[in-house]
Amino acid sequence: MSNDLRRCFSWERRDTLCERKSFTNQSKQGFRHHGVITLCRKHRPLDLLGNLQYLATLDMESVVAAVDCSWPVPSICMVSREKGDDNPANAHHCRCRGSQETTASLSGSRNLGFHGEWTLVFDEEPGVQKALEVLAACRADLHSLPVSAHLGLFSQSSPSSPEPASLPAEDVTANSNGPKPAEVVLEDDREDLFAEATEEVSLDSPEREPVLSSEPSPAVTPVTPTALIAPRIESKSMSAPVIFDRSREEIEEEANGDIFDIEIGVSDPEKVGDGMNAYMAYRVTTKTSLSMFSKSEFSVKRRFSDFLGLHSKLASKYLHVGYIVPPAPEKSIVGMTKVKVGKEDSSSTEFVEKRRAALERYLQRTVKHPTLLQDPDLRQFLESSELPRAVNTQALSGAGILRMVTKAADAVNKMTIKMNESDAWFEEKQQQFENLDQQLRKLHASVEALVCHRKELSANTAAFAKSAAMLGNSEDHTALSRALSQLAEVEEKIDQLHQEQAFADFYMFSELLSDYIRLIAAVKGVFDHRMKCWQKWEDAQITLLKKRETEAKMMVANKPDKIQQAKNEIREWEAKVQQGERDFEQISKTIRKEVGRFEKERVKDFKTVIIKYLESLVQTQQQLIKYWEAFLPEAKAIA
Amino acid sequence: MMEGLDDGPDFLSEEDRGLKAINVDLQSDAALQVDISDALSERDKVKFTVHTKSSLPNFKQNEFSVVRQHEEFIWLHDSFVENEDYAGYIIPPAPPRPDFDASREKLQKLGEGEGSMTKEEFTKMKQELEAEYLAIFKKTVAMHEVFLCRVAAHPILRKDLNFHVFLEYNQDLSVRGKNKKEKLEDFFKNMVKSADGVIVSGVKDVDDFFEHERTFLLEYHNRVKDASAKSDKMTRSHKSAADDYNRIGSSLYALGTQDSTDICKFFLKVSELFDKTRKIEARVSADEDLKLSDLLKYYLRESQAAKDLLYRRSRSLVDYENANKALDKARAKNKDVLQAETSQQLCCQKFEKISESAKQELIDFKTRRVAAFRKNLVELAELELKHAKGNLQLLQNCLAVLNGDT
């Protein structure tokens, strides 16, 4: 056994941030099965705990290896999870399964009968020797350890977040080693995120399992593996996407022409309430002949956060299966505060109008999508007079900050996943979108500058018009004086023209570009989701490989009962690998289709909008010609 | 030193000949014709080749050229101002100092930023800046030329000896720029002059014509100052808008070359359009600058010169009145009567001479002004029309192509 224990595994640690996140989610992806050991003394206990926990989840031996390298181990966690618990909401939890299985196989006991995660905490500084002893002991008879269970419900309070909502953990504490719930360790760093609920549950025997499994935590709701990447939504509306699954293809076939008889307008912005609680309500009017709507024309009042709520609902349902969900307009605290304070100046009216137009474009883009149009939430948004108040959309709320944290974590995760892209199409597309993004950003900056300069030009023209009028007044030659006044008038009109053109620059050109910059971010988002899918698949493959190795070892050791167990596990993992592959194929297929659709839309959008914009320029020039033609005889009349 | 001037020989050719005498309507007189046939930018100096054609007897030849610098123009101007004989005339305003610093600085900055942009962008920017430099250069030349033309067309000033030397003497006039002491003196002179101007302006004029002219010029000068500043601002912002077109054009071009879909042709077409309209917009801005801002700026200086003339007249009026008082006093005391009488007579003569010529000068000023405004405003309107029509044509052509494609 000691040979076994001392076999050293190498681990690669990519990033400290990852490590820190190991309690919350997914960061375990940051570790790969090859590379170098980088865990070292300078790690804080918490980090180390996280790492060990992770190591434990993958392979028992690795924990031993960790201890063996004589790090100052304050505590060792082994997270395990019951077999077959396949909650798709917690990809990282799936990875935890390995530990229990490893533990189980080592201890020679099959079904430990625990649900959820198990954490063994050795809380005192045991020293290497002691840790080894304890580990050996638990290998020998994990089953018989006197345990007390500690259930911690960690929940991120944001249901709108696409990330798994909660992370349940049950800690089995070995009494002999000083029972101290893992949460105590966690709390000093994480209480803000995990403060929701911590509940002590005594868990002495397997008989308690029904109670535990019915724990009302969404994340532990068992879901069959087939739903692994199915839209992740609250159980209420669970049925909806399942129905789509069948008809999705057909819907999209039908919609190939993308002709939907639906027109949406956002109008009548109106301030409701006073002070900081004030908000703007907009009228959303829908005109349609589609049979899915009960009336052909209807309108509802919606506020900005409702739009955000709609977007986050749609995004949580469709984004991770590869649909490009149009992003909602951005929040603007400064702009809204101005409106709230209630200064009726031009900048706040401009802000409201800008937002109104953005919301209108957002909805129009959303209903253009054949699948999104079918969504019950969208329908509810358009039709229902009462809409549940969208929560957690505030930029400055706990949820908002949490969103930011999750986003940052995601970004880090993204960097750590190294996907060897096998599909040239995807590689090419990703590069293309990257380029497109850059080019559009540059163009957007230039157009913004144009808008700014045009406004400046308009203001300066107005100032000159005034000066010219004054000069005309003081000129004592009658005809010249008259001509100068005429010039002033012409310049005034031109000022108006420049102003209108600046609006056109902004609303047509600049906003088109900024919309597409955000849309491209959404496209990149689905590419990322595809990468995650791939990651999951690959992880499953690796685990399967390991299982096979274990089986081979058992064969050599000639332990028939364990061989059977290993075979079962292999079968289970094979299914998972298949599922992972299917999911990956599915998301790749969806993305291909979606990108195709997006590109078609983009070409159409750019063409129509730019042509419209050029037409606005034509009009401006025509007006200019008119004005100067009228002025010319006046100038000639000076004598 | 500027690459932009490599094509120097023809930079005053063609249309730019039209720049000449734009701000003053001068009857061309075969007896004396002056123009600047060439100019050369050397480091911080600009050398103008002044070309003269004359049938006047005091010149040795009928046609000749000399090389002059800005300082020599200033010297000529100052010699007019200081000449008591010309007190009754509006001295043509001196041309402003050539100022290429801003343009040069930009060119230098461009060199520094060379690494951060693509080659096309760099070439484009460089061309743009060179064009800007050339435009300033041309303008400088035109301003100097206008000054000479004004002098040459003036019935009295054209006979000035210094002017003839300036035109004919084919060596360096070895005038130097003013040193610090002189500049300081000038500053004090100006202070005294403006303080004196306040005192003098308090004196009620006996002549209604001059009284009217004085109030008019005071107001006019201020207004034209304001208008020229505003118009300057306007043309500048027009220029920046045109520059943005340039950037948009190149961004669109980049999009057009990289896009995978069939929209790339569309982008390229629109990029081409923006490049072309950019040129037109830049022309609009340049023409507004030339026809409007420069006109206003010229009349800002010209009205200042007219104001100076009125000041000199008022000053001599005050002198004359003082001389009268002195004469009365002398008579009362019966002392130095003869001396007082001569000085009174001198003052009287001087005042009358100034008044006589000043009246004609001011009437001329008005005629000149009206004619110049008419000419420039007509040209401005015509150019605006031309550019707007050209722009419209471009846009419509482009739209036709784009609509045909889709």
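In this text the structure is predicted, and so the values were computed from the model without any measurement.

Q: I'm lost on the overall build of chain B in this one. Help?
A: Secondary structure summary: chain B contains eight helices and three strands in total. In chain B, the order of α-helices and β-strands from amino to carboxyl end is β-β-β-α-α-α-α-α-α-α-α. Relative to its full complement of 406 residues, chain B shows a buried share of 51%. Taking the intrachain contacts of chain B between residues at least 6 apart in sequence as the baseline, contacts between residues at least 24 apart amount to 75%. For chain B, the computed accessible surface area is about 20300 Å², with 53% contributed by carbon and sulfur atoms.

Q: What is the right way to read empty space enclosed by the protein from this model?
A: Over the atoms a probe the size of a water molecule is rolled, and this reveals where empty space is left. Using the criterion set out here, one finds 13 cavities of 30 Å³ or more in the structure. The volume enclosed by the largest cavity comes to roughly 280 Å³. Looking at the lining of the largest cavity, the elements that each hand over two or more residues are α16 (424-474), α17 (478-557) and α18 (560-636) of chain A together with α6 (208-258), α7 (263-333) and α8 (337-405) of chain B. Here the lining of the largest cavity is composed, by residue class, of twelve nonpolar, nine polar and five charged.

Q: Before we go on, may I ask you to explain the interface of chain A and chain B in this structure?
A: Many structure descriptions define interface size as the accessible area lost when the parts assemble. Facing 57 residues of chain A, the contacting portion of chain B comprises 63 residues. Across the chain A to chain B interface the summed buried area is about 5400 Å²; carbon plus sulfur atoms make up 72%. Considering only the surface of chain A that becomes buried against chain B, Asp476, Lys607 and Trp628 of chain A emerge as the three largest contributors, covering 11% of it. If you look at where chain A meets chain B, you find five salt bridges. Ionic pairing is found between Lys389 of chain B and Glu629 of chain A, a salt bridge with its closest N-O pair at 3.5 Å.

Q: Explanation requested: the nonpolar core in the structure shown.
A: Across soluble globular proteins, nonpolar side chains have a tendency to be buried as a group. Counting residues in hydrophobic clusters, the biggest one holds 115 residues, and the most contacted among them are Leu440, Leu487, Phe606, Leu614 and Trp628 of chain A together with Phe373 and Leu377 of chain B. Those elements that place two or more of their residues in this core are α16, α17 and α18 of chain A together with α6, α7 and α8 of chain B. For this core, the element with the most residues is α17 of chain A, which contributes 25 residues. Once residues lying within four places of it in the same chain are set aside, the contact partners of Leu377 of chain B are Leu484, Leu487, Phe631, Ala635 and Ile638 of chain A together with Leu292 of chain B. Judged by nonpolar contacts, the second largest core, of 32 residues, contains Met292, Leu308, Leu359 and Phe381 of chain A.

Q: Can you walk me through a nonpolar patch on the surface in this structure?
A: A surface patch of nonpolar side chains, about 530 Å² in accessible area, is lined by Leu184, Phe187, Phe188, Met191 and Val192 of chain B. Within the secondary structure layout, Leu184 of chain B lies in helix α5 (residues 180-201).

Q: Please clarify how the UniProt feature "coiled-coil region" (unreviewed entry) in chain A should be interpreted in this entry.
A: Residues annotated by UniProt as "coiled-coil region" (unreviewed entry) correspond here to residues 556-590 of chain A. Secondary structure across residues 556-590 of chain A divides into 94% helix and 0% strand, with the first and last C-alpha atoms of the span separated by 45 Å.

Q: Whenever I open this one, a positive patch on the surface confuses me. Can you help?
A: On the surface, a cluster of positive charge is contributed by Lys325, Lys329, Lys333 and Lys335 of chain B. Mapped onto the secondary structure, Lys335 of chain B falls in the loop between α7 and α8.

Q: Is there a simple way to think about the packing of aromatic side chains in this case?
A: Working definition: an aromatic ring pair is given by the centre-to-centre distance plus the angle between the planes. For the coordinates displayed, the defined rule picks out 30 aromatic pairs over all chains. When the centroid spacing of 4.9 Å and the interplanar angle of 85° are considered together, the rings of Trp425 of chain A and Phe426 of chain A count as edge-to-face. Classification of Trp425 of chain A by relative accessible area gives partly exposed; the value is 23%. Residue Phe426 of chain A is classed as buried on the basis of its relative accessible area, which comes to 0%. Between the aromatic rings of Phe216 of chain B and Tyr220 of chain B, the centroid separation amounts to 5.1 Å while the plane-to-plane angle is 35°, which identifies the pairing as tilted. Of this pair, Phe216 of chain B and Tyr220 of chain B both sit in helix α6, separated by four residues, roughly a single helical turn.

Q: Can you walk me through unusual backbone geometry in this structure?
A: Keep in mind that most residues, glycine aside, have a negative phi and that most peptide bonds are trans. The backbone of Asp268 of chain A sits at a positive phi, close to 45°, despite the residue not being glycine. The residue Asp268 of chain A is located in strand β6 (residues 262-272) in this model.

Q: Whenever I open this one, the pairing of strand β1 (residues 32-42) of chain B confuses me. Can you help?
A: Where a strand is regular, its side chains alternate between the two sheet faces. Residues and elements named next belong to chain B. Taken together, the ten bridges between β1 and strand β2 (residues 45-54) define a ladder with antiparallel strand orientation. The partner of Leu32 across the bridge, within β2, is Ser54. Between β1 and β2, which pair antiparallel in sequence order, lie two residues; one of them, Arg43, sits at a positive phi of approximately 45°.

Q: Just to check I follow, could you spell out helix α3 (residues 119-153) of chain B for this structure?
A: In an α-helix, one turn spans 3.6 residues; hence positions three or four apart end up facing the same way. For α3 of chain B, spanning 35 residues, the distance from its first C-alpha to its last is 50 Å, which sits close to the expected 51 Å at 1.5 Å a residue. Most of α3 of chain B sits out of view: 25 of its 35 residues are buried.

Q: I keep staring at the sheet that holds strand β3 (residues 63-69) of chain B and nothing clicks. Help me out?
A: Think of a sheet as strands paired side by side through backbone hydrogen bonds, with each pair either parallel or antiparallel. All names here are of chain B. Taken together, three strands build an open sheet; the order of strands is β1-β2-β3 and the sheet is antiparallel. In the strand order of this sheet, the two ends are held by β1 and β3, each with one partner. If you compare each strand with its neighbour and ignore which way they point, the axes differ by 20° on average. Across seven bridges, the pairing between β2 and β3 is antiparallel. Across the sheet, residue Lys53 finds its bridge partner in β3, namely Glu63. Sitting on the sheet, helix α4 (residues 161-168) is in contact with β1, β2 and β3, with an inclination near 95° to β3.

What counts, and where the lines are drawn
Residues numbered from 1 in each chain as written. Chains lettered and ligands numbered in written order. Predicted model: local features only at pLDDT ≥ 70, side-chain atom pairs only at ≥ 80, totals over all residues. Heavy atoms only, no water. Helix = DSSP H or I, 4+ residues; strand = E, 2+ residues; numbered from the N terminus. Buried < 20%, exposed > 50% of the residue type's maximum accessible area, 1.4 Å probe, protein only. Contact = heavy atoms within 4.5 Å. Areas by Shrake-Rupley, 256 points an atom, 1.4 Å probe, with all protein chains shown as cover. 1 Å grid on protein atoms, 1.4 Å probe; cavity = no way out; pocket = protein on both sides within 12 Å on 5 of 7 lines; lining within 4 Å. Points joined across faces, edges and corners; volume = space filled by probe spheres on them. Nonpolar A, V, L, I, M, F, W, Y, C, P; charged D, E, K, R; others polar. Buried area = accessible area lost by both parts, 1.4 Å probe. Salt bridge = Lys/Arg side-chain N within 4 Å of Asp/Glu carboxyl O. Core = buried A, V, L, I, M, F, W, Y, C linked by side-chain atoms within 4.5 Å. Patch = residues over 30% accessible without salt bridge, like charges linked within 9 Å, V, L, I, M, F, W, Y side chains within 5 Å. UniProt positions renumbered as here; feature names shortened; annotations may be inferred. Lys, Arg positive; Asp, Glu negative; His and termini not counted. Charge placed at Lys NZ, Arg CZ, Asp CG, Glu CD. Phe/Tyr/Trp six-rings, centres within 6.5 Å; stacked < 30°, edge-to-face > 60°. Pairing = 2+ DSSP bridges. Expected span 1.5 Å × (residues − 1). Axes fitted to C-alpha atoms, helices over the stretch in contact; angles between N-to-C directions.

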